[in-house]
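Here is what each chain is made of, one letter per residue.
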Amino acid sequence: DAGVTQSPTHLIKTRGQQVTLRCSPKSGHDTVSWYQQALGQGPQFIFQYYEEEERQRGNFPDRFSGHQFPNYSSELNVNALLLGDSALYLCASSPTGTASYEQYFGPGTRLTVT
Amino acid sequence: AQSVTQLDSQVPVFEEAPVELRCNYSSSVSVYLFWYVQYPNQGLQLLLKYLSGSTLVKGINGFEAEFNKSQTSFHLRKPSVHISDTAEYFCAVSWAGGATNKLIFGTGTLLAVQP
């Protein structure tokens, strides 16, 4: 049973560029969350997708946007990259149901903005 | 608003010694509590969780944690650590009964096990 997968593993971009990160949830999971983990910090919640809609959003600017596809996979898009966007981006998935509060994390995508 | 405080940024300990990693949270509503571990260049792995019931929770790799509502704490313990336990440990909370299972994380504690 494959867990949460993310691509690419590493990415280097220049300030002002746009980037797209991808996530495939664990089998049987239909909810996807994205987190940003800056160096030396804990992960910060960006947003969560369920049924192809953004269900909740953290304190991130509109430059951060996402999408969820019918097969439950998800993309995170960041426009007009800033140096401060350099971080590890983590995707997490979970099944629906109020009893299922555990989130399963992928290995992350390391984004470096130069 | 909810918040999580991990008081120790780094905890050095000798192999086979006991360890406790501290976590305190702040919330005006009931919460669920989690401990995750992150090995170098990897994602997060769930160690254990408290949703309800017994306040002593046992997890993987010999770790356990105790939920103390009056102290608003959820400290992680292991009676005897191994070199392989060296990693970053994150405490996290989510809002019980919330619309989503969004997690709020602490800043992490680096457990450095020395031979």
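Here is what the cut-offs are and how they apply
Residues numbered from 1 in each chain as written. Chains lettered and ligands numbered in written order. Predicted model: local features only at pLDDT ≥ 70, side-chain atom pairs only at ≥ 80, totals over all residues. Heavy atoms only, no water. Core = buried A, V, L, I, M, F, W, Y, C linked by side-chain atoms within 4.5 Å. Buried < 20%, exposed > 50% of the residue type's maximum accessible area, 1.4 Å probe, protein only. Helix = DSSP H or I, 4+ residues; strand = E, 2+ residues; numbered from the N terminus. Contact = heavy atoms within 4.5 Å. Buried area = accessible area lost by both parts, 1.4 Å probe. Salt bridge = Lys/Arg side-chain N within 4 Å of Asp/Glu carboxyl O. Polar contact = N/O pair within 3.5 Å; in protein donor to acceptor, adjacent residues only side chain to side chain. Pairing = 2+ DSSP bridges. Axes fitted to C-alpha atoms, helices over the stretch in contact; angles between N-to-C directions. 1 Å grid on protein atoms, 1.4 Å probe; cavity = no way out; pocket = protein on both sides within 12 Å on 5 of 7 lines; lining within 4 Å. Points joined across faces, edges and corners; volume = space filled by probe spheres on them. Nonpolar A, V, L, I, M, F, W, Y, C, P; charged D, E, K, R; others polar. Disulfide = S-S within 2.5 Å.

(A) Region of interest: the nonpolar core. Of all hydrophobic cores here, the largest spans 29 residues; its most connected members are W35, L48, L76 and Y89 of chain B. Residue assignment for this core shows that the elements contributing at least two residues are strand 2 (10-14), strand 3 (19-21), strand 5 (31-38), strand 6 (44-50), strand 8 (64-68), strand 9 (73-78), strand 10 (87-95) and strand 12 (109-114) of chain B. One finds W34, I46, A87 and Y89 of chain A within the second-largest nonpolar core, a separate group that totals 20 residues.

(B) Here's a closer look at the interface of chain B and chain A. Between chain B and chain A, the contact holds 23 residues from the first and 21 residues from the second. At the boundary of chain B with chain A, total buried surface from both sides reaches about 1800 Å², with 52% on carbon and sulfur atoms. Here chain B is connected to chain A by 1 salt bridge. As a salt-bridge pair, E102 of chain A and K49 of chain B come within 3.2 Å of each other at their nearest N and O atoms. Counting the contacts that link chain B with chain A gives 8 residue pairs in polar contact (both at pLDDT 80 or more). If you tally residues by element for the side of chain B that touches chain A, the top one is strand 5 of chain B, at 4 residues.

(C) How the structure looks around the sheet that holds strand 7 (residues 64-68) of chain A. Residues and elements named next belong to chain A. Spatially, 4 strands are ordered 1-3-8-7 in an open sheet, and the strand pairing comes out antiparallel. Each edge of the sheet is formed by a strand with only one pairing partner; in this case those strands are strand 1 (5-7) and strand 7. When strand polarity is set aside, the average angle formed by the axes of neighbouring strands in this sheet is 20°. Pairing geometry for strand 1 and strand 3 (residues 19-24), over 3 bridges, is antiparallel. Across the sheet, S7 pairs through a bridge with R22, a residue of strand 3.

(D) How the structure looks around the layout of surface pockets. Taken as a whole, the largest pocket encloses approximately 440 Å³ of empty space. Lining the largest pocket are 22 residues, and of these Q37, L88 and R110 of chain A together with Q38 and N41 of chain B lie nearest its centre. Looking at the lining of the largest pocket, the element that brings in the most residues is strand 10 of chain B, giving 3 residues. Of the residues belonging to the lining of the largest pocket, the class tally is 9 nonpolar, 11 polar and 2 charged. Roughly 200 Å³ of volume is contained in the second largest pocket. Residue lining of the second largest pocket: P43, Q44, F45, G58, N59 and F60 of chain A together with K102, L103, I104 and F105 of chain B, and that is the complete set. Of the residues assigned to the lining of the second largest pocket, the class counts are 6 nonpolar, 3 polar and 1 charged.

(E) Broad picture of the state of the cysteines. The tally for this structure, following the rule as stated, stands at 2 disulfides over all chains. Note that C23 of chain A is cross-linked by a disulfide to C91 of chain A, the S-S spacing being 1.8 Å. Disulfide C23 of chain A-C91 of chain A: torsion about the S-S bond near -60°, hence left-handed. One end of the pair, C23 of chain A, is in strand 3; the other, C91 of chain A, is in strand 9 (residues 87-94), and 68 residues separate them in sequence. For the pair shown, C23 of chain A and C91 of chain A are each scored as buried. Put simply, C23 of chain B and C91 of chain B are joined by a disulfide, and their sulfur atoms are 2.0 Å apart. Linking C23 of chain B and C91 of chain B, the disulfide has an S-S dihedral of approximately -65° and is accordingly described as left-handed. With C23 of chain B in the loop between strand 3 and strand 4 (24-26) and C91 of chain B in strand 10, this pair connects stretches of sequence that are 68 residues apart. Residue C91 of chain B is classed as buried on the basis of its relative accessible area of 0%.

(F) Main features of the pairing of strand 6 (residues 53-57) of chain A. All names here are of chain A. In this structure, strand 5 (residues 44-50) lies alongside strand 6, joined through 4 bridges in antiparallel fashion. Across the sheet, Y49 pairs through a bridge with E54, a residue of strand 6. With antiparallel pairing between neighbouring strands as the criterion, strand 5 and strand 6 make up a hairpin whose turn holds 2 residues, including E51 at a positive phi of roughly 50°.

(G) Quick look at the pattern of salt bridges. All names here are of chain B. As enumerated under the stated definition, the model contains 10 salt bridges over all chains in all. E66 is paired through a salt bridge with R77; the nearest N and O atoms lie 3.2 Å apart. Pair noted here: E66 is in strand 8 and R77 is in strand 9, with a separation of 11 residues, a long-range link. For E66, a relative accessible area of 33% gives the class partly exposed. Residue K78 is joined to D85 by a salt bridge in which the shortest nitrogen-to-oxygen separation is 2.8 Å. The exposure class of K78 is buried, given its relative accessible area of 7%. By relative accessible area, D85 is classed as buried at 3%. In the salt-bridge network here, residues are joined through shared partners; they are E20, K58, E64, E66 and R77.

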